[in-house]
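Take a look at the letters that make up each chain.
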Amino acid sequence: MKIRTRFAPSPTGYLHIGGARTALFSWLYAKKQGGEFVLRIEDTDRERSTQEAVDAILEGMNWLGLNHDEGPVYQTDRYDRYKEVTQSLLDQGDAYYCNCSRERLDKMREEQMANKQKPKYDGCCREKGLSEADDTVIRFKNPLEGNVEITDHVRGQVVISNQELDDLIIERSDGNPTYNLTVVVDDLDMEISHVIRGDDHLNNTPRQINILKALGAHIPEYAHVPMINGTDGKKLSKRRDAVSVMQYRDDGYLKDAVINYLVRLGWSHGDQEVFTLDEMIEKFDIDDINKSSSSLSVEKLQWLNQHYMKQMTAEQLAQELQFYIKQADLDVSNGPNLVEVMKVYQDRCSTLVELVEDIRYFYEDISEYNPKQAKKQFKAPAGKVLQALLEAYEALDDWTAAEIHQVVENTVEKLEVGFGKVGQPLRLAVTGHGKSPSIDVTLELLGKKETLIRLRQAIEHIGDPV
């Protein structure tokens, strides 16, 4: 049987980080096995499903590079097929109409819980032979005896007694199919061989297997992946954690770093931390997915992102930065060549957002100085230091890092002060915040004209240097 996996999100919001990892695992397994990866949009919840959410999911998948071989298939386009399957289950005696009221069901569950029993439908209408009416639902006639055995690639052997299951609803009174029915029909029709999904779906699996058996269908292999916890080890929280895939992009993380980060959330191959995409495809195996939950780590993601940034050429990094430059409303046309700036900055930042902010001073006038740094570095003697530097740089014809550095050394010697008394005020004068690569390289990139302008501005800010 050809390997076919699927990712089947509900379009009720953005592409969640847990969903993205499930999609990645499914995509990798299909690619490794020479199979196919199907994208299915489970949009039967019409009240909560939106086109905006569909677009967000597709955008996230596209950004991650998880291209699908088939789809997207929308469940709302398949209602006739679900009706057909439901009718066949009715015809063969594996489903029935039920007219139990909400009041009766609520009372039944209350009594069961009071008796410390597992709440489940009691089969009241199972043998009544009811016909369709305005208030009827259709229930699947679950087997009363025996077990459902699941050989799960992550959880191992899982055995569920049919006595633990009840006759679930497969069609609501309004005629709409329920999740467990649509999933089964879709997996059957799409010939899905392996279902890789979060372990929050494990409770649904025995129910779905029983429906598949009733339809005489092939049973897929399952891999139920543990959930991802937040940075604090607890359940993911929108307030505490970045849980949208596109939030990682907006925060300045490279796609390759996010993919590498996702694959290591619950899967490992020895002690290897960094994987190319080809290595992931070659080495990934669903049997190696960890049984325990994993937790987000901002530090780990930043480390990976910095690693990928360092591996890029300056030209590649400058190209990746274009999106963030636009987002930051930064004009880099008036200033040093961006590629040359990248050559000295790509080892200094963890994210592309941070990188844009760190190089902003090259392309914008300084309107204010960091208050804390100014209080420390712009004391009265600093004016004399900056004045001496200004005069020396005005006379400098060879504007290279070596000659720029020599001026600093000469000023230190001339004024008989420590290097920090010269270098630090100079750095603050030209950057506004006192943070940059070596001062000679910084000034070479900034250029002579702009350096002199900023020195004069700083001297005026400090006051009379004499």
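Structure first, text after, so check above.
Predicted model, so just to flag it, every value in this text is computed and none were measured.

Cut-offs and rules
- Residues numbered from 1 in each chain as written.
- Predicted model: local features only at pLDDT ≥ 70, side-chain atom pairs only at ≥ 80, totals over all residues.
- Heavy atoms only, no water.
- Helix = DSSP H or I, 4+ residues; strand = E, 2+ residues; numbered from the N terminus.
- Rg over C-alpha atoms; globule rule 2.2 N^0.38 Å.
- Buried < 20%, exposed > 50% of the residue type's maximum accessible area, 1.4 Å probe, protein only.
- Contact = heavy atoms within 4.5 Å.
- Areas by Shrake-Rupley, 256 points an atom, 1.4 Å probe, with all protein chains shown as cover.
- Lys, Arg positive; Asp, Glu negative; His and termini not counted.
- Charge placed at Lys NZ, Arg CZ, Asp CG, Glu CD.
- Core = buried A, V, L, I, M, F, W, Y, C linked by side-chain atoms within 4.5 Å.
- Phe/Tyr/Trp six-rings, centres within 6.5 Å; stacked < 30°, edge-to-face > 60°.
- Lys NZ or Arg CZ within 6 Å of the ring centre and 35° of its normal.
- Right-handed = clockwise from strand over helix to strand, strands pointing away.

Right, let's get into the overall build of the chain. When its secondary structure is counted, the chain shows 20 helices and 12 strands. Taking 2.2 N^0.38 as the reference for a compact globule, 466 residues should give roughly 23 Å; the C-alpha atoms of the chain span a radius of gyration of 32 Å, well beyond that estimate. Judged by the C-alpha coordinates and their principal axes, the chain covers about 105 × 45 × 35 Å. When the 466 residues of the chain are sorted by exposure, 50% land in the buried category. Looking at the chain alone, contacts between residues at least 24 apart form 76% of all its contacts between residues at least 6 apart. Carbon and sulfur atoms form 45% of the exposed surface of the chain, whose accessible area is close to 22800 Å². Separation between the mean location of the 57 positive side-chain charges and that of the 78 negative ones in the chain comes to 5 Å.

Time to look at the nonpolar core. Ranked by size, the top nonpolar core spans 101 residues in total, and within it Leu64, Met342, Leu355, Ile359, Tyr393 and Leu426 carry the most contacts. Those residues in contact with Leu64 that sit more than four places away from it in its chain are Leu15, Ala20, Val245, Lys255, Val258, Ile259 and Leu262. Core analysis: the next-biggest nonpolar cluster, separate from the first, contains 28 residues, Val73, Ala95, Val185 and Ala217 among them.

With that out of the way, let us pick up the packing of aromatic side chains. Evaluation of the coordinates by the stated rule reveals 11 aromatic pairs. Arranged with centres 5.5 Å apart and planes meeting at 45°, the rings of Trp267 and Phe284 form a pair that is tilted. With a gap of 17 residues between them, Trp267 in the loop between α8 (255-263) and α9 (277-283) and Phe284 in the loop between α9 and β12 (294-295) connect regions that are remote in the sequence. Of the two residues, Trp267 and Phe284, neither departs from the other in class, the shared state being buried. Over the ring of Tyr121 we find Arg139, and its NZ or CZ is 3.6 Å from the ring centre. Geometry around Tyr345 places Arg348 over its ring, the cationic atom sitting 5.7 Å from the centre.

Moving on: unusual backbone geometry. Pro72 follows Gly71 through a cis peptide bond whose omega is 0°. Mapped onto the elements of the fold, Pro72 is located in strand β3 (residues 70-74). One non-glycine residue, Glu191, lies in positive phi territory at about 55°. We note that Asp329 has phi near 55°; this positive angle belongs to a residue other than glycine. Within the fold, Asp329 resides in the loop between α12 (322-327) and α13 (338-345).

Below, the discussion takes up the pairing of strand β9 (residues 194-198). For β9, a buried count of five out of five residues is recorded, marking the element as mostly surrounded by other parts of the structure. Handedness of the crossover is the feature at issue here: the chain leaves β9, passes through helix α6 (residues 205-214), returns alongside strand β10 (residues 221-225), and the resulting connection is right-handed.

Take α6 next. Three- or four-residue spacings in an α-helix give side chains the same orientation, since the helix completes a turn every 3.6 residues. Across the 10 residues of α6, eight count as buried, placing the element largely inside the fold. The complete set of buried residues in α6 reads Thr205, Pro206, Arg207, Gln208, Ile209, Asn210, Ile211 and Leu212. Phi turns positive, to about 65°, at Gly216, one or two residues after α6.

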